[in-house]
Structures are given as C-alpha cells and as structure tokens.
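These are the residues of each chain, in order.
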Amino acid sequence: MHPLHLPAYDLLSIFLRDQSSLSELHYWTVSRFEEVPDLVCVFFFFFFLCSSMTDSSGLHFVSPYAFAAMQKVDVVRLAALSDPELRLLLPCLVRMALCAPADQSNAWAQDKKLILRLLSGVEAVNSIVALLSVDFHALEQDARKEQQLRHKAGGSNSESILVSQLQHGLTLEFEHSDPLRRLRLALSELLAIMNKVADSSGEFFLKSSELFESPVYLEEVADVLCILQAELPSLLPIVDVAEALLHVRNGDWFLCLLVANVPDSFNEVCRGLIKNGERQDEESVGGRRRTEALRQLCQMNPSQALNIRAMVVQECHLPGLGVALTLDYKPDSADEAVSPLVSYVSGLLLGTNGKVRTWFGMFIRNGQQRKRESSSVLWQMRRQLLLELVAILPRSRGTHVPSGSDPESCPGYSGLREEHVVKASALLRLYCALMGIAGLRPTDEEAEQLLQLMTSRPPATPAGVRFVSLSFCKLLAFPTLVSTPEQEQLMVIWLTWMIKEEEYFESAAGVSASFGEMLLLVAMYFHSNQLGAIIELVCSTLGMKIAIKPSSLNKMKTIFTHEIFTEQVVTAHAVRVAVTNSLSANIAGFLPIHCIYQLLKSRAFTKHKVSIKDWIFRQLCETTTPLHTQLLPLIDVYINSILTPASKANPEATNQPITEQEILNVFQGHAGVGGANSRCQYSITTQLLILYYILSYEEALLGNTKTLALMQKKPKSYSAALMDQIPIKHLIRQAQGLQQELGGLHSALLRLLATNYPHLCMVEGWICEEEVTGTLPLLRRMLLPSCSCRYTQAQLHAAFQNVVLSGPALMRMLEPLTLLSAADLIPYAEALTANMGLLLQPGVARRLLQTVSKLWMVLNTVMPRRLWVMTVNALQPSAKLLRQHCYTQNDLLVDPLIVLRCDPRVFRCPPLMDITLHMLNGYLLASKAYLNAHLKETAEFDRQTQTISNLGLTGQPDTPEVTREELKNALLAAQDSAAVQILLEVCLPSSQEEQLLGGDAQREWQIEGGLLSDLREVQCLICCLLHQMFIADPNIAKLVHFQGYPQALLPLTVAGIPSMHICLDFIPELLAQPQQEKQIFAIQLLSHLCTQYALPKSLSVAPVSSLALNGVFLTRPRRFVFFMPTLPCLVPFCRAFPPLYDDVVSLLVQVGQVCAADVATKSRDIDPFIARLQHVKGRLKESLGSDMGLSKMSLPKRSAEELGAADPDVQLCYCIEAAFMDIVETCIQGF
C-alpha cells in the first residue's frame, strides 16, 4: 500500500523506519492539512524533526584520519575506514578508479586494484558511476548559455536552459530524475547561488534551498556537487563554489566534503575564504558562518591549522577564527611554560605590527559590547585564560619565610611554584596588553584572581625577580584592580615583603638587576612628582605602550611617600646598595645606577648631607663593554651636583669630586704611567669614563664661572700635572676601535677634546695616524717576521752616540722597532727623542733620519704631549743643552715660539723640520685653548672682586673683560704672526747658500738640482703649514702681509702657498696705507698674484695699483725710491691682462716726461729717449698686424755699471725705458 493511503500515525511510523519517503510525506501533509485534523500534531512533530536534521551539527564530517589518507592516497589507511567515513569520499575514489591515471607505475596499478576491490561492495558507487557517464561538455555549454541568459535578464529565474519547468518540488524532482537531470538540477541551483553572491556586493544572505537542506539526499547532492566541480573546474572554480556554499544550510558540511574529495585545494579554499571574509567575524551572521566553516576545515586537517591562523593574521580578517583555531589546537608536546593561547594573543598585541594590534584590539572592544554568550569566541578565550590563571595560583605556602616574621601573620602570603613562574609572567603581560592596549574590562572574578596572582611570592630565581617586577608595574598601571580596603592592605603587605626580601632575592637569584632598585626609583619619582617618568618606567618594564592617566597614581603616591618610602629613607638606603659588578648594557632591568641617578638629579644626597662620591667611583671602576646607557648621564648629573649647589641659601651643599690620587690609580701602569713594568688593573671602559669625567668637569667648571663667582665659590680644578699623566690620545685611539660597544662615549670624548685639547684633534694628526694604524701597516706587521725587539734602551743610546760611523748598526736596531705597535714602542720613546740632536751632525744617512721620523709619528699617536716636551728639549741649541735647561708643558703652552728656538741645523734637516712644524702647529692651538680657558677661569672672579672693591665709587670703567679679551686676541695674533715671520726667514737662503749659488757653475747646478735640495724641501714643508694657518684664520695672512716680509720670498709664497689668493681681498686696503714701503710691497705682491691667479678679481684690483703708481707729483728722492722697485711690476700686469696695456704705457710716458724734465734742468742732458718712446709707441700701434715691423723695434740695453754710475733721475729714466721695452716684448710674444 502506498504510504499516503495509511492513517497519520502509521505514516509517521513508516517515516521513522524509512526516511526515503520524507519529501512525499512533507508534500502530502501540507496538501491535506485541513482534511485530517490529527495531522496537526504529526505536522509539528515532522517540522521539528526536519528542522533539527537540517542542522549540520548532527552530520558526520570527514575525520582527520580519512583526510590524511586521501591527501597521501594511502590505500591501506583508506581500506581501514568505516563505511560511513568511506561514503563521504566516494566521488574522488570512483573518479580515481575510472579515469586514466598519469602514473603508469606498477605500484599505482596495485593500489588501483585495491581501490576497485574497496569500492566493489559499496552500493552508492553505481549512482556515482552513472553521474560520471554524462556528456559534461554539452552540460557545460548549456550552463554557460544559462549564465548568459541570467546576465541579460538581470539575474531573474524566469527561464532556465538547464532545468525545464518543474512539476513538483526540487527535492521530488531530484529523487525521481536520472543522473543527467540530477546534475542539471544541482548545477542550476548552484549557479543561481553563485550569481546572487556575485551581485550581493558583500552583503550576506542565507539562501533557502530545498536541495541543500533535505537530510535524506544530502549525501547524493554532495556526490553531484563533487562530480560537477571535478568535471567542470573552469565553470565552477572551487573557491567560488566554497563561497557560495556559505550561503546555504549545511554549507560547512558540503564544503568539507568538497575539499576532502579535492585535498590539494585545501590551502587555496582557505585563503580565498579568508580574503573574502570580514574584518570582524563575530559582528555578523556571515562572519560567524565563515568562521565555523573554516574551523571545520581545520579540524579536518589539523596539521594546517597554524598556517591558516597565519593567513588570518596576514590578511587581518576573521580574528575570531584565529582565536578559535588556537583554542582547538592541541600541540603534540605540551609546553608547560606558556600555552598556545597566551603566546598567540601576546604576539598579536605586543608585536611590532601596529595594523595587527589595532585589528585585534577592535575585536576585543567590539566583543565586550555584546552580551556574554557561551558561543562567543571572545568569552571562550577569556574563560580559557581564567582557567589557566587559576591553575597556577599558589596552593601552598612558600619555602622561604621572611626573617623575623610569621607566615601566619601575613594574610595572603603564598608561594608560587617555580615551574609556574614563567607562565605567570606571560599571563601578567598578556592581561596588561588586553587591558591597556585592547581595552579589556576585567570582570570581578578576573580582577580578584589577577590580584591574587600579582601578590603571590615567587621563588628567588631570575624568573622570580622578573615576575615581581611585572606584578609591581601592573599594580601601577592598573590601580583599579585594588578596590577594597582588604585588597589595599594585601598590596601594602606585599610591597613591604618586597623591600625586606630584595637583598635575599639578589643574592639567591644571582642577578644584578633586582626589583629593589625599581622600588627605590618609583619612590624617588613619587617624591619629585615625576609621574610621567613613572609611566615611562612602567611601560618600559612591561614592554608595551599603555595610556596611564597620572591622576590614577594618586593613591599609590600616597602609599609610597607616607607609608613605605620617605625621602630620607630612600637616600640612606640607596647609598648602602652595592654597586653592580661588571656593569654593562647586557644587564637589563632597573639597577642601582638608575636610583642614584634620580637621587642626584633631585639633589637628595646634598639635601640630606649624604656623600655619594665613593659609590660613584666604585661603580665607574666596575664597568665593562658594551657601555651601559645610564653611565654618561650619571657622570653629567654628578658633575652638576659638584659645581652648583641645590639652593642659593646653602652654597656649600654640594658633592665632593673624585680626588686626583684616585684618578691616578685608575691610570697606573697604562701607556707609560707608573713605570714600564706596572700593570693596569682597571678596564679600558673605566679609564675612558674617568677621562670623560675629567674633561666634562673642566668644561663645566669654565661654563659655570659666572654663577660660581656670584656665590663667591671657586671649586678646585684638576692640576696640569695630573692631565700630563693621563694618556689621552692613546685612550681616544682605543675608543675609536670600540665605537659600537661604547655607544656615544667616543663622540662625546671627541667633542670635549676639540674644545679643551684642540692640538690633539689636528687633521694632519688623524691622517698620520691612519698611515700608522691603517691596513698596510697592519699587513706589514702580519707578513713580516716576529716583532719582538732584541735591543734594550741602553744599547739604543750607545748606538746613537756615534751615529755617523755606526749608522748601519743603528739602522739594524731601528728596523725591528718599526714593526712594533704604538703601545709597545713607548718604552723606547726616551731613547729616541733624547738623541735627536745627534742626528743633526753632517753625514747622517737620510734613511736613518726618515726612520726616526717615522717612529716619532708612531709614538705621536699614543703620547703626543709628553713626546713633544721631550723632543723640544732634545732639539735645543748646544748652549742650552750644556746648561741643562728643560722646558715644561706649561712653558710651551705660554710661549709656543720656544719650539722655533731650536738648533739652527734643524731648519735644514727636512725630517726633523717636519716634526718641528707639527709640534709648532700643535702648541699654537694648545696656547689658544690655554689662554681661552685662563680668561674664562679668572675673568668672572676678577670682575666680582673689582665690583666689590668699587662699591660706592663712581666713574670706574666697567669693561674689564672687554679689555682682557682684546689683549688675549692681540697676544694670539702676535704669536701666530711671529711664528709665520720666523718660518719665512727660514725659507731665505743663508749667506753660505748664497755663496754656493754665486758663480756660473753653481748656477747651473742650481738649475739642475735645486729642487732636490734640503732648502727646497724645507720651503715646501713651511708653505704647507702656512697654507693651513691662512685657511684656518685669514686674519693671520692679512696681518703678516701688512707687516711685510722680504720681496725675494714673494715668488715662493705666491707659488707655494695655495691660499695666497685671499690676499686679493685686502690689497686695496694695503695700497691705501700711508707708508710708502707698504705700498711698494702691495704692488710687488699683486704683480705675482696676477701672474699666478689671472682671475677677474685680480683684474679688478690691478687698475687700483696702476693709480697708486701715478706718483708723478712725488718729490725727487721719494719718486726714485717708489718707482725703481715698482716699475718692473707693470710687466706682469700687462702679461696677465693685456687690456691694461694702454693705461700702463701712458703712465710710463707721463712718468718719463717728468723725469726727463728734471734731468733737463741739470748741466747736461741724456739721450732724448722720451721722444723715441713716443715714436715707438706710435709705430707699435701702426704695425700691430705686421710681425716684421714689431721685430725691428728695439732700444739699446744699459749695463749695470752705467746704471750704477748714473744720476738717480737718469737711473729712473733707464728703468722706465727697460720696463717699456719689456712690455713691448710681451706684446710681441702675445701676437
């Protein structure tokens, strides 16, 4: 009998036994609802049953085991699957068995046989085989036509090519259809959903589809869906199909089956779903369905869950999915330290990607706005975190009991297990990030459990120290966690425990950075009301930027300043804290140095009269590389506390400076200090820090002279003897090689040196140092034999005594010294410098001189100041050496010209002259720094004394410092100009050298070898130094040329000093001087400059000199003195600038007329050359185009005897004639 003819309850019993008539039951019940009253209850029961069965939660999903077997095509594992599991994979297995394989190996042939045997007993295989027998090409063409038709019709479902007019419902049609029609029905429905998804513009909808909701035909529909996607991949891209399945009921189940039958598409499908997903998945139904579908896919393939989670973070979509996958993740080996959930969420909120942090923070904020739901991923995450927190809360008391206290009297006293400390720290940081960055508002239960965890007492381990620091900072960051008086009391007891146990933790844990320093630091910040600094401290300790309101710290401020730490207690406790051994940047956390720095900055030590000098010195001695960043600020604030008192009312309330003896002990045995055999016990870091302290102290002392003078206080400066004992240059050289480890110390030292010791920062010194310490010298030392020197200082002294005869032996001693490093060469410095005077003897080999000069330059890189003093004393003249007169460093600073009062033979010994010039340049710079420092040091005190002495008096000048400044500048200018004048005199040949150049033979020698003489080499060295001085200060060049120097040196200075072109700026001023000698010198200088620098500027200055030469109206004696040396200068003017020819010739004719008139008044006349000159001038203008005409013009030359015996006016006339003819020859050569 047909089921529809039975009574209602019998019909229901048939349905429960056989679900194949479900669709017919549904159709019949609806059509006869009014006719059969007892069908009412049947209908409602049927509706409830159908609704429950359409939920995919009751469906059987593909297991991870089955998916792995499909992914690897493991036939053995497939054979082990149960029938329900195997049923879900039949579409892929049937296609695998029927389609021609690309793998023709025997192994696959055997596997294929096993697959066929496996499928032979499954009844559903026949229907799948029937589906595969359809003409898919024709089906695809019809599907594309239907797509075009839908596109033209605007997406309406009025007509369909794939499916004709349906007589019954879609489910009944599907049940009674053949395989082709089933494919067409499913394809038509799927394309309709896909088109609607494409037209929805991202808005989610849930498509009601009878075909995808009927629980009876779900498996058959899944088979059709898998076959369609496999056979029509271009028409049905798997990502688009997956997107469409999200919009139907049971979509996640269909999606898992589809991916399970195409396992290689797993990552592609997941990536597509994530890219198309919402930024916040829990805000919409579509986001939750997408998250659930992806979660089911990852449960099917758990090995890819973490990769899918990484895609979520990369795209910043579906944050709930990332959390859900983390909750579902079960690691193979459980990590007891930190759970996967804590690691994942901490990475999102504490990572460096701000976009990810903002995205996940929005997920937390939006999730809190909805009511608490058990299905919400956010609340599942919070519940899991709370469970992990409760699981590690202390269950028993700690093993260490604070001394002098009873554990029972301390409420809340409990010990945290050692294996839970790291996890507890991670949880604290995570909750800080959730509350501070993501805006999580903890529930009462969460707040209570967090406070219990924070106030627990960990074991004395480095991790325990870290946990206490984090807990303390969390209390400061979120004081709202303490809301009741009981909780506040618990916090105070815990803070008191921290103070008592700080020393025990530091000793037991073996760490230098303990939480005690942090407590001191916070207490000092509270006392000085530096709430911003506390916020920075909290953020840096927690490792995250949290917005903390300063007003929220008021309660903690009251507790700290009134109950726990008063300012006097802080100061007394800080000075007793031990220094940090081997302090470096590798030691993280908050150290005693941070506390001392803040106390120094707030002047707490001077206020309470606590000496901190010894602690700072001990800490500076306990430092190593890499340099800790707090050391330089500590030194700066310590120097400030030494020089400036905390208040004007008590000017004596300052700290004490480090003593000179303590400083000397630091450098004992370093770079020759304290003896050759002594060994330095302090690190290079300590020595550099002490050097920085001394230089900064001296600079600050000079910078605060005005303030100190007003307070009538004059702190003592460190003596020059102490500074002479410190190897400054050697330390700077070592710091240069450790720049990365020393941070900003090297640059700070260079700045201080450039200000206080400019002679140690000369450019040529750095260049020479590169030549000594560069790559080539290093390779030379590496490739040549051992650098061990077999000779003693006494042997070196003895070899120098007879340097002329024992030159080769001395050279053999010096050669090994060139392979030594600068530090190893220091013991031989005295022997080398003391015998330099012996090298001035005639006959000393040039190679020996050069070797000694090279060794001197090497020593100059490590001990320049001491070396210079020894060298100056060694090169003194013989008379001074006999008197054993020795200069000191201070003598040379006061009078740098002592360097040039050396043995005159040095001026003709180029290697030693190079050393002398180097020292001279250095001492000139040092003298400037010395005088500037002396002026600053004494000016304010002298002015203060004068002001006090002039009280009540009127008419007293109040400009002493102006006068002192002018006197200082005048003294420096006099020193520089005197040095330049002495060096210029050295460039002049001596009388003996002039005699050697007197005869013709000697002149021929001069032409051939003059450029290779010692004089020429010395001149080149001097010109190089003068060039540097003129460039550094052009006023020196102006002063020297206003003073003047021998005219014979002008060719040398103009050609040898490249910076002489700056003289063009002040030559007009020099020509305007009333002294005739200066005018003559200016014209001679300009003539050489025009020849050397034929520039437009020179052309603009030359006519000025021509006007100056127009001294026709001078008296007869002055005319002779003026024109005799200047008339030859007109020739270079015309040679450099031909446009000046007319003016110069006119000037010569005019001057000649005046001179001829004077001669005519005498008893006899001379040859009327003026008429001849005018005649020649006329012929010259007429014959400019004729070379022959120019060559015929000549005047007889006058001999020197004729000029010397003639009258001065006659000599001047002959000089005019010679100048005219030289100009004519210049013009002829030009044409």
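See above for the structure.
Residues numbered from 1 in each chain as written. Predicted model: local features only at pLDDT ≥ 70, side-chain atom pairs only at ≥ 80, totals over all residues. Heavy atoms only, no water.

## Thoughts on the overall build of the protein
Logical step 1: A tally of regular secondary structure across the protein gives 69 helices and zero strands.
Logical step 2: Sorting the 1231 residues of the protein into buried and exposed places 51% on the buried side.
Logical step 3: Considering only residue pairs separated by 6 or more positions, the protein has 73% of its internal contacts joining residues 24 or more positions apart.
Logical step 4: When the accessible area of the protein is evaluated, it comes to approximately 57200 Å², of which 54% is carbon and sulfur surface. (Helix = DSSP H or I, 4+ residues; strand = E, 2+ residues; numbered from the N terminus. Buried < 20%, exposed > 50% of the residue type's maximum accessible area, 1.4 Å probe, protein only. Contact = heavy atoms within 4.5 Å. Areas by Shrake-Rupley, 256 points an atom, 1.4 Å probe, with all protein chains shown as cover.)

## Remarks on the packing of aromatic side chains
For any pair of aromatic rings, geometry is given as the distance between the ring centres together with the angle between the planes.
Logical step 1: Within this structure, the stated rule accounts for 12 aromatic pairs.
Logical step 2: Ring plane angle 85° and centroid distance 5.3 Å describe the contact between phenylalanine 212 and phenylalanine 254, whose orientation is recorded as edge-to-face. One end of the pair, phenylalanine 212, is in helix H13 (residues 210–213); the other, phenylalanine 254, is in helix H16 (residues 251–261), and 42 residues separate them in sequence.
Logical step 3: Classification of phenylalanine 212 as buried rests on a relative accessible area of 1%. (Phe/Tyr/Trp six-rings, centres within 6.5 Å; stacked < 30°, edge-to-face > 60°.)

## Some details on the side chain of arginine 182
Logical step 1: Along the chain, arginine 182 turns up in helix H12 (residues 179–199).
Logical step 2: Arginine 182 gets classed as buried once you look at its relative accessible area, which sits at 16%.
Logical step 3: In this view, arginine 182 contacts Phe174, Glu175, Ser177, Glu220 and Val224; residues no more than four positions away in its chain are not counted.

## Considering unusual backbone geometry
Logical step 1: Cis geometry is found at the peptide bond from threonine 625 to proline 626, where omega equals -5°.
Logical step 2: Take proline 626: it is sitting in the loop between helix H34 (613–621) and helix H35 (631–643).
Logical step 3: At asparagine 250, a position not held by glycine, the phi torsion is positive, near 60°.
Logical step 4: Looking at the secondary structure, you find asparagine 250 in the loop between helix H15 (238–245) and H16.
Logical step 5: Taking the relative accessible area as the measure of exposure, asparagine 250 reaches 3% and is therefore buried.
Logical step 6: Residue serine 582 is not a glycine yet carries a positive backbone phi of 50°.
Logical step 7: The residue serine 582 is located in the loop between helix H31 (567–576) and helix H32 (592–601) in this model.

## Section: the pattern of salt bridges
A pair can form between side chains of opposite charge whenever their charged atoms are brought close.
Logical step 1: In the structure shown here, the tally under the stated rule is 25 salt bridges.
Logical step 2: Where arginine 87 meets aspartate 223, a salt bridge forms, and the shortest distance between an N and an O atom there is 2.5 Å. Linking arginine 87 in helix H6 (residues 83–87) with aspartate 223 in helix H14 (residues 218–231), this pair joins segments that are 136 residues apart in sequence. The pair arginine 87 / aspartate 223 is uniform in exposure class, with both members buried.
Logical step 3: Taking the shortest distance from any N to any O, the salt bridge between aspartate 614 and lysine 613 comes out at 3.2 Å. (Salt bridge = Lys/Arg side-chain N within 4 Å of Asp/Glu carboxyl O.)

## Things to note about the packing of helix H21 (residues 340–350) against helix H23 (residues 377–392)
Logical step 1: Relative to each other, H21 and H23 sit at 120°, their axes nearing to 10 Å. In terms of axis orientation, H21 runs oblique to H23. Between H21 and H23 lies a crossing of left-handed hand. Contacts between H21 and H23 involve Leu341, Val342 and Val345 from the first element and Met381, Gln384, Leu385 and Glu388 from the second. (Axes fitted to C-alpha atoms, helices over the stretch in contact; angles between N-to-C directions. Parallel < 35°, antiparallel > 145°, perpendicular 65-115°, else oblique. Left-handed = near helix turned anticlockwise from the far one by under 90°.)

## Some words on the environment of glutamine 380
Logical step 1: Relative to the assigned elements, glutamine 380 resides in helix H23.
Logical step 2: Sequence separation between glutamine 380 and leucine 327 is 53 residues; the distance between their C-alpha atoms is 8.4 Å.

## Thoughts on the packing of helix H24 (residues 421–436) against helix H25 (residues 444–454)
Logical step 1: For the pair H24 and H25, the least separation of the axes is 11 Å and the interaxial angle reads 135°. Considering their axes alone, H24 and H25 lie oblique with respect to each other. Our pair here, H24 against H25, has a crossing hand that is left-handed. Along the contact surface, H24 presents Ala424, Leu428, Tyr431 and Met435, while H25 presents Leu450, Leu453 and Met454.

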